[in-house]
Amino acid sequence: MNSCVLMAKIIRSPQLRYTQESQLAISEMMVEFENISPNNPPSTLKVIAWGNLATDIEQKYKEGDEVVLAGRLKMDLVERQGYKEKIAELTISQIHPVGSNDPSSHDNVVTIEGNNNYDDHGAILEEDHSTEDLQESYGNDDTNLDTIPF
């Protein structure tokens with residue numbers, strides 16, 4: 001399973017647009033995060049959200065906000081001036097604000113709900129029951145998660 005969690009700062013506010021065919025909302029923004037080496041500048045990443053998540057993000061987040069993003073990381077190969085370059089893109093399913101002591105900031109937690117799980121082209125994905133399946137298999141108590149086979 002492709003899953004990525006990243007803490008980053010929004011450096012370009014979310015821009016909302018719609019697909020031509022189904023008028024599905026798409027939000028794009030740029031984020032930056034610290035590089036592993038302190039001598040290197042921060043890395044940037046394009047972030048995409050689909051559907052209701054996209055409209056919520058556009059309304060609740062802006063440039064300068066620090067967030068935790070969860071989603072799928074995708075690598076595209078782009079040809080530029082005769083050479084090929086790999087470009088990373090994160091399609092998110094959750095976003096959470098970071099560093100706010102304001103209780104109303106919890107209203108900014110945005111998650112895909114129900115069947116609004118979209119792939120990189122706006123198609124609806126099957127609903128993910130993996131968490132529910134684990135809870136059913138191991139119960140809702142404080143089971144030692146080290147015993148779960150992967």
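Here is what the cut-offs are and how they apply
Each residue is numbered by its place in its chain's sequence as written, counting from 1. Where local features are concerned, this predicted model is filtered to residues with pLDDT of at least 70; where side-chain atom pairs are given and counted, the filter is 80 or more; whole-chain, interface and lining totals use all residues. Each side-chain value is derived from all of the structure's non-hydrogen atoms; neither hydrogens nor water enter the calculation. Where helices and strands are cited, they refer to DSSP runs of H or I of at least four residues and of E of at least two residues respectively, numbered from the N terminus. Relative accessibility thresholds used throughout: buried, under 20% of the residue-type maximum; exposed, over 50%; partly exposed, between the two (1.4 Å probe, protein chains only). Contacts are assigned to residue pairs that have any heavy atoms within 4.5 Å of one another. Calculation of accessible area relied on Shrake-Rupley with a 1.4 Å probe; when residues are assessed, cover is drawn exclusively from the protein chains displayed. Nonpolar core, defined: a set of buried Ala, Val, Leu, Ile, Met, Phe, Trp, Tyr and Cys residues in which side-chain atoms within 4.5 Å join the residues together. The rule for pairing is simple: two strands pair if DSSP sees at least two bridges between them. Here pLDDT means the predictor's own confidence in every residue, given as a number from 0 to 100. An arc is given here, and it is the one of the directions from the helix axis to the C-beta atoms.

Chemist: Just to check I follow, could you spell out the overall build of the protein chain for this structure?
Modeler: Counting secondary structure elements, the protein chain contains 2 helices and 6 strands. Order of helices (α) and strands (β) in the protein chain, N terminus to C terminus: β-β-β-α-β-β-β-α. The proportion of buried residues among the 150 residues of the protein chain is 28%. In the protein chain, the share of contacts with a sequence separation of at least 24, taken over all contacts with a separation of at least 6, comes to 51%. Surface summary for the protein chain: the accessible area is close to 10,300 Å², and the carbon and sulfur share equals 47%.

Chemist: Help me understand unusual backbone geometry in this model?
Modeler: One can expect most non-glycine residues to show negative phi and most peptide bonds to be in trans. The phi torsion at Gln23 lies on the positive side, around 55°, for a residue other than glycine. Relative to the elements of secondary structure, Gln23 occurs in the loop between β1 (4–18) and β2 (25–33). Positive phi values are uncommon outside glycine, yet Gln81 reaches one of about 50°. Looking at the secondary structure, you find Gln81 in the loop between β4 (66–80) and β5 (83–97).

Chemist: Even after reading the chapter, I still don't get the nonpolar core, so can you show me in this structure?
Modeler: General note: in soluble globular proteins, nonpolar side chains tend to be found buried as a group. Ile57, Leu69, Ile92 and Ile95 are the most contacted members of the largest nonpolar core, which has 19 residues in total. If you list the elements that add at least two residues to this core, you get β1, β2, β3 (43–50), α1 (51–60), β4 and β5. The element best represented in this core is β1, accounting for 4 residues.

Chemist: Honestly, the pairing of β1 in this entry has me stumped. Any pointers?
Modeler: Regular strands place their side chains on alternate faces of the sheet. Judged from the 6 bridges that link them, β1 and β4 form a sheet pairing that is antiparallel. By the bridge assignment, Lys9 is partnered in β4 with Glu66. Bridge analysis of β1 against β2 gives 7 bridges, and the strand direction is antiparallel. Across the sheet, Arg17 pairs through a bridge with Ile26, a residue of β2.

Chemist: Please explain the confidence of the model for the protein chain as it appears in this structure.
Modeler: In regions of low pLDDT, the predicted coordinates are not meant to be interpreted in detail. On average, the protein chain scores 78 in pLDDT, and the residues at 70 or more come to 65%. The element-level mean pLDDT for the protein chain is lowest in helix α2 (residues 130–138), coming to 44, with β2 highest at 95. Between residues 126–141, whose pLDDT stays under 50, and residues either more than four places distant or in other chains, the model counts 12 contacts.

Chemist: Honestly, α1 in this entry has me stumped. Any pointers?
Modeler: Given 3.6 residues per turn, any residue in an α-helix points the same way as the ones three and four places further on. Every buried residue belonging to α1 is among Gly51, Leu53, Ala54 and Ile57, and all of these are buried. One side of α1 carries all its buried residues, which in axial view fall inside an arc of 140°.

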